[in-house]
Amino acid sequence: MSAHSPAAAHALPQLPKAPTGIEGLDEITEGGLPLGRPTLICGSAGCGKTLMGIEFLVRGALEFNEPGVLMAFEETAPELAANVTSLGFDLTDLQERKLLRLDHVHVDRSEIEETGEYDLEGLFIRLGYAIDSIGAKRVVLDTIEALFAGFPNQAVLRSEIRRLFHWLKEKGVTAIITAERGDGSLTRQGLEEYVSDCVILLDNRVIDQITTRRLRVVKYRGSTHGTNEYPYLITANGISVLPVTSLRLDHAVSSRVVSTGIPALDDMFGLRGYYEGSSVLVTGTAGTAKTTLAASFADQICRDGGRCIFFAFEESPAQLLRNMASVSINLQAHLDAGRLLIEAARPTLNGLEQHLVTLHRLVKEFRPTAVVIDPITNLITVGNLNEVRSMLTRLIDFLKVNGITALFTALVSGRGLQQEMTDEGVSSLVDTWISVRDLEGVGERNRGLSILKSRGMAHSNQVREFLVTSHGIELLDVVLGPTGIVTGASRLAQQMQERAETLAVQQEAERRDREVERRRRVLEANIANLRTEFESVEEELRQISANEQSRRQALLSGQQRIAAANPPAPGAPTAESGQ
Amino acid sequence: MAEVAAVELEEGFQEMWELRLYVAGQTPKSVTALANLKKYCEQHLKGRYKIEVVDLLVNPQLAEGDQILAIPTLVRKVPEPIRKIIGDLSNEERVLVGLDVRPVSSK
């Protein structure tokens, strides 16, 4: 019995939660606000407390079919309706459909005279009636602080507010109570945060002239929650909270490969390109053609039928188009075909979070297969290092989860070892890291490209020199000199020297060939001479032999004639021997 | 607007005072408030007032109209402007000031 299996632990009932529908907030609170309990949202002016409350109601009504009551102490119903129209919330329509009830509570100290004992039962009755009239599941009170201004008796108010929270709980409605931030405490009265089951703190901070809104879940009874400060934004679609990092690393991966846009660079990768959905970082010092590399990639993506968003933080779209046209990368055509989107903005235009949201929005609208950010380094001008890093982490996560190939460029400063570190420290997050740099020597600078890492793929270990020509980027073949790889003028010198050597070797070979030929001819002449000599000797000998033959013939015939005239004596053999 | 308990007293020739007392059930505070109110009216507004008692437990929808939060609340509807007095009306002086009633010189 002592050992509980994890499955049994899971089977325990979880705290029921009411999803807010607010982007990101449900992720941080792991499902939403505590169902049927009061939640306090506190913050200073301009944090979006009222907006968060209204969005909670509107999303609840539209997405979860939970009607809601908004009891406003500060703004009237028409004012509220007008204020949120820009976010696409039609409060009037919701009211007509009985999904929302707006109740403006007007508290005016000057109208009220206090004589003797009282309580706030009227408020309870009013709220109870509003809840019952539409069967509301959600309630927003914005802000009960106003009560303190209207009623002088603090003791009564405090006990009544305490009673209100309990009453809301008994009613079983999921409530949001907004409160103004106090000095040194979460709320001005120092009361609400203790009687709420969940407290969310909104904060509006200006650092280096850039405002970032942040949200923190201060407490959440009976549930775990994200404890960090999460930046959030008020966007055109309501509040958007961005969890700093996604909770798990469980995105799907693709084993398809996309081309880098430069054939020779493809060759440096074992599978001829980047994995689809991976993130690529191109780092380099100033003027090492990072943007050109990025544009080549964007161009390739578009030519392969994909869609690409190019975030340019340094150049205007027109400038980018002109500059890339000069190296035969025709981005205009893709732009016209609607495959490419160039989003150019100064990084300082918005806070980091705004950039992230813009990116999210564009990615959702444009549905690209690849995203290029050129360069991420400029974002540092907007936030500090930590913020940029966390933003990039989120960005990379977001793109990976969506299976979008991402290419970032980053400017690195300094030389030597430092070149292999990015200021943003994102190098550990990316899958492929290409480094471009100046190779300086003998009075000139040349560009060199190398692959520092490429997860899950073999890659070349060479530093390849490349040229930015009018046809785009060209990687040059590796030339080995006496002291390693040579570049630039040395490369040319080396090549000329090699050519000269080759020529010399070739000439030597030809000379040898000619010599052989000559010798052969001499030998052949000799052979002919000898043969002629032999022929003459042969003829002479043959002549002698023929003469001999004819002489013997003549002798023989002479003897026969003699024998015929004188019959042979018994000693004829003598004649024979006499020959 | 349903009237729950309209206590109508004899009409005077001067301007009628229309008073409305919001209560929530028969709580001690409400009972005290109504008793006090009747006493003051008899004393200072004899024949020129009309008291309407609204029980919000019965008619919760009426709370919105007069912006009632506290119980009990006394609302002076006529004469204008609307004045509100919250509490059990135990402090006579403040009630009279709140209602802007010139007290009838003590008998």
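The rules behind the values
- Residues numbered from 1 in each chain as written.
- Chains lettered and ligands numbered in written order.
- Predicted model: local features only at pLDDT ≥ 70, side-chain atom pairs only at ≥ 80, totals over all residues.
- Helix = DSSP H or I, 4+ residues; strand = E, 2+ residues; numbered from the N terminus.
- Buried ≥ 20, exposed ≤ 12 C-beta atoms within 10 Å, placed from the backbone.
- Contact = placed C-beta atoms within 7 Å.
- Axes fitted to C-alpha atoms, helices over the stretch in contact; angles between N-to-C directions.
- Parallel < 35°, antiparallel > 145°, perpendicular 65-115°, else oblique.
- Nonpolar A, V, L, I, M, F, W, Y, C, P; charged D, E, K, R; others polar.
- Pairing = 2+ DSSP bridges.
- Arc of directions from axis to C-beta.

Draft legend 1. Layout of the overall build of chain B. When you go through chain B residue by residue, the secondary structure sums to 3 helices and 5 strands. Going from the N terminus to the C terminus, chain B shows its helices and strands as β-β-α-β-α-β-β-α. Within chain B, buried positions represent 38% of all 107 residues. Nonlocal contacts in chain B, meaning residues at least 24 apart in sequence, comprise 72% of its contacts between residues at least 6 apart.

Draft legend 2. Focus on the packing of helix H14 (residues 352–366) of chain A against helix H15 (residues 385–401) of chain A. Residues and elements named next belong to chain A. Two elements in contact, H14 and H15, have axes whose closest approach is 10 Å; the angle formed by their N-to-C orientations is 10°. Overall, the two elements H14 and H15 adopt an arrangement that is roughly parallel. Touching Leu 352, Leu 356, Leu 359 and His 360 of H14 are Glu 387, Val 388, Met 391, Arg 394, Leu 395 and Phe 398, all from H15. Its residues assigned to classes, the contact of H14 with H15 comprises 7 nonpolar, 1 polar and 2 charged.

Draft legend 3. Examining unusual backbone geometry more closely. Residue and element names in this part refer to chain A. In this model, Asp 142 is joined to Thr 143 through a cis peptide bond whose omega is -20°. Among the secondary structure elements, Thr 143 is positioned in the loop between strand E7 (138–142) and helix H7 (145–150). Omega for the bond connecting Asp 374 with Pro 375 falls within 30 degrees of zero, at -10°, which places this linkage in the cis form. Along the chain, the position of Pro 375 falls in the loop between strand E18 (370–374) and H15. The phi dihedral of Asn 65 is positive, around 55°, even though this residue is not glycine. Position of Asn 65 among the secondary structure elements: in the loop between helix H3 (49–63) and strand E4 (68–72). With 9 C-beta atoms counted inside 10 Å, the residue Asn 65 sits in the exposed group.

Draft legend 4. Quick look at the environment of Gly 306 of chain A. Residues and elements named next belong to chain A. With respect to the secondary-structure elements, Gly 306 resides in the loop between helix H11 (290–303) and strand E16 (308–312). Residues Gly 306 and Arg 339, spaced 33 residues apart in sequence, show a C-alpha to C-alpha distance of 6.9 Å. Once residues within four sequence positions are removed from consideration, Gly 306 is found in contact with Ile 301, Thr 369 and Ala 370.

Draft legend 5. Spatial organisation of the sheet that holds strand E9 (residues 198–207) of chain A. Residues and elements named next belong to chain A. Read from one edge to the other, the open sheet built from 9 strands follows the order E5-E4-E7-E8-E3-E9-E10-E11-E12, with strand pairing classed as mixed. One side of each edge strand has no neighbouring strand; the edge strands of this open sheet are strand E5 (100–104) and strand E12 (238–241). On average, each strand axis in the sheet is tilted by 20° relative to the strand beside it, whichever way the strands run. The strands touched by H14 are strand E10 (210–220), strand E11 (229–235) and E12; relative to E11, the strand with the most contacts, the crossing angle is about 60°.

Draft legend 6. Main features of the pairing of strand E21 (residues 444–454) of chain A. Residue and element names in this part refer to chain A. Where strand E20 (residues 432–441) meets E21, 10 bridges bridge the pair, whose relative direction is antiparallel. Bridge pairing links Thr 432 to Ser 454 in E21. With antiparallel pairing between neighbouring strands as the criterion, E20 and E21 make up a hairpin whose turn holds 2 residues, including Val 442 at a positive phi of roughly 35°.

Draft legend 7. Structural view of helix H3 (residues 92–99) of chain B. When H3 of chain B is considered as a whole, its buried residues turn out to be Val 95, Gly 98 and Leu 99 of chain B. What you see down the axis of H3 of chain B is that its buried residues fit within an arc of 90°, all on one side. Here the buried face of H3 of chain B lies against strand E6 (112–114) of chain A together with helix H1 (28–44), strand E4 (73–78) and strand E5 (83–86) of chain B. Immediately downstream of H3 of chain B, the backbone of Asp 100 of chain B shows phi near 60°, a positive value.

These values are about where atoms sit, not about what they do.
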